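Inside the fold
Residues per chain are reported as follows:
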Amino acid sequence: MKGKVQNFYAGGNTAKGFHSLYDSALEGLERLFILKGGPGTGKSSLMKAVGEKIINKGLNIELLHCSSDNESIDGVIIPEYRIGIVDGTAPHVIEPKAPGVIEEYVNLGVAWDSNKLQQHKNEILILNEKISATFQTAYDTFAEALKAHDDIEDIYISNMDFNEANKLTDELISRFYGENSDTKQAKIKHRFLGAATPNGAVDFIQNLTEDISKRYFIKGRAGSGKSTMLKKIAAAGEERGFDVEVYHCGFDPNSLDMVIVRELDFAIFDSTAPHEYFPDRDSDEIIDMYTRCIAPDTDEKFATEIEKTTKPYKDKMKEGISYLKEAKALRDELEDYYIEAMDFAKVEEIQKEILEEIERLIGKET
């Protein structure tokens, strides 16, 4: 029987620039292969191939997706054996803690023909500059979108009953945890459930919650306290010794979008756009923060102001995505130079060596 795949992002194109949660995603690994090499050198294909081999052995894996390329991954982890492979090139540069003991650098640059790359030196340098500038423009545009989003939040914050929000949070914490606690040290994993990508907003909520029996869908508005509530729920789980998966917002990494406590079999997440879902199981439940915590008829009373602030937010988000798409096109051009200079037979040999080492490590433990 095949193993299962859990999908998420460890890095994101956000209103705060590229934000990395790789330290948390890779924490606790006992063996980590860090791939080095330019774009188009086969890093993602290598990791996908190894991941496929591992799930065919019946083991579960985690795939760390690339927020700048919808078809690529940035890492693969085998949680049961605490083994991982990760793309260690910018913008997600991985700092090894114990080089040669835990982390091992794998240089795919040994498979390229430097002479061929030298022939396109100027084009490569120009493309690198354009890619960097285009990503920065995307981040600046998302930052403008965040300012517009803050204006929307202000409307609802000024019409919010914070006492009621605190009461609802306390009720949920009591419902989720009751008198339960664990004496162990809690493990907290910080991740992104989704990201702004060249293809628009993408999320993996359904995949991440597919094995969870009880799911809570938070409905509300910007500024209705969803993230604050999630932070308190996560903190309560940590205080009680439970392992908590904390999923940050791919737009504003200071906010949270989801909390999962698998030991207690529950997930609670912001189920509003751009990751809007509705219950499709009998056990699913909606938590409506607008009805519970916002003054009645706020939507109607401030309809003009809300519409006025929502349009620039949506426009800037759309514009930011267009820059990510442009950066992806430029990166594809850059990859072509490297693909032309690569000996992929050597890359396949490196892939085989990594897989053999992983199989040796797994075999040692089984």
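Residues numbered from 1 in each chain as written. Predicted model: local features only at pLDDT ≥ 70, side-chain atom pairs only at ≥ 80, totals over all residues. Heavy atoms only, no water.

1. Topic: a negative patch on the surface
How we decide: Put simply, a patch holds well-exposed residues, over 30% relative accessible area, that have no salt bridge, with like charges counted together within 9 Å and Val, Leu, Ile, Met, Phe, Trp or Tyr side chains within 5 Å. Using a 1.4 Å probe, the Shrake-Rupley method yields the accessible areas, and only the shown protein chains count as cover for residues. The salt bridge definition used is simple: a Lys or Arg side-chain nitrogen within 4 Å of an Asp or Glu carboxyl oxygen. Counted as positive: Lys and Arg. Counted as negative: Asp and Glu. His and the chain ends are not counted at all. The location of each charge is read from NZ of Lys, CZ of Arg, CG of Asp or CD of Glu. Here a strand is any run of E in DSSP of at least two residues, a helix any run of H or I of at least four, and the numbering for each starts at the N terminus. Here's how the labels work: a residue is buried when its accessible area is under 20% of the maximum for its type, exposed when over 50%, partly exposed in between, all with a 1.4 Å probe on protein chains only.
A cluster of acidic residues, Glu-348, Glu-349, Glu-353 and Glu-356, forms a negative patch on the protein surface. Mapped onto the elements of the fold, Glu-353 is located in helix α11 (residues 344-365). Judged by its relative accessible area of 46%, Glu-353 falls in the partly exposed class.

2. Regarding the side chain of His-248
To keep things clear, this is the line we draw: A 3.5 Å cut-off defines polar contacts: any pair of N or O atoms within that distance qualifies, except that in protein one atom must be a possible hydrogen donor and the other a possible acceptor, and neighbouring residues in sequence count only when both atoms are side-chain atoms. Note on contacts: a residue pair qualifies if any of its non-hydrogen atoms lie within 4.5 Å across the two residues.
In this structure, His-248 sits in strand β13 (residues 244-248). Here the side chain of His-248 touches Pro-253 through a polar contact of 2.8 Å, landing on its backbone oxygen. Beyond its immediate chain neighbours, meaning those up to four positions away, His-248 contacts Leu-21, His-190, Arg-191, Phe-192, Leu-193, Pro-253, Ser-255, Leu-256 and Asp-257.

3. As for the domain arrangement of the protein
Our working rule: Note: domain ranges come from an automatic or database domain assignment. The term buried area refers to how much accessible surface (probe radius 1.4 Å) is lost by two components on association, counted for both of them together. Residues are grouped as follows: Ala, Val, Leu, Ile, Met, Phe, Trp, Tyr, Cys and Pro are nonpolar; Asp, Glu, Lys and Arg are charged; every other residue, Gly included, is polar.
The domain architecture assigned to the protein consists of domain 1 (5-111 + 343-365) and domain 2 (161-294). A C-alpha centroid distance of 28 Å is found between domain 1 and domain 2. Contact residues are listed per partner, giving 23 residues for domain 1 and 25 residues for domain 2. In total, about 1900 Å² of surface goes out of reach between domain 1 and domain 2, with carbon and sulfur atoms giving 54% of it. Applying the counting criterion to the domain 1 and domain 2 interface returns one salt bridge. Residues Arg-191 and Glu-62 are paired through a salt bridge, measuring 3.2 Å at the closest nitrogen-oxygen approach. Secondary-structure elements contributing two or more residues to the side of domain 1 that touches domain 2 are β1 (5-9), β2 (11-14), α1 (22-25) and β5 (61-65). With five residues, the top contributor of residues to the side of domain 1 that touches domain 2 is β1. A per-class count over the side of domain 1 that touches domain 2 returns seven nonpolar, twelve polar and four charged.

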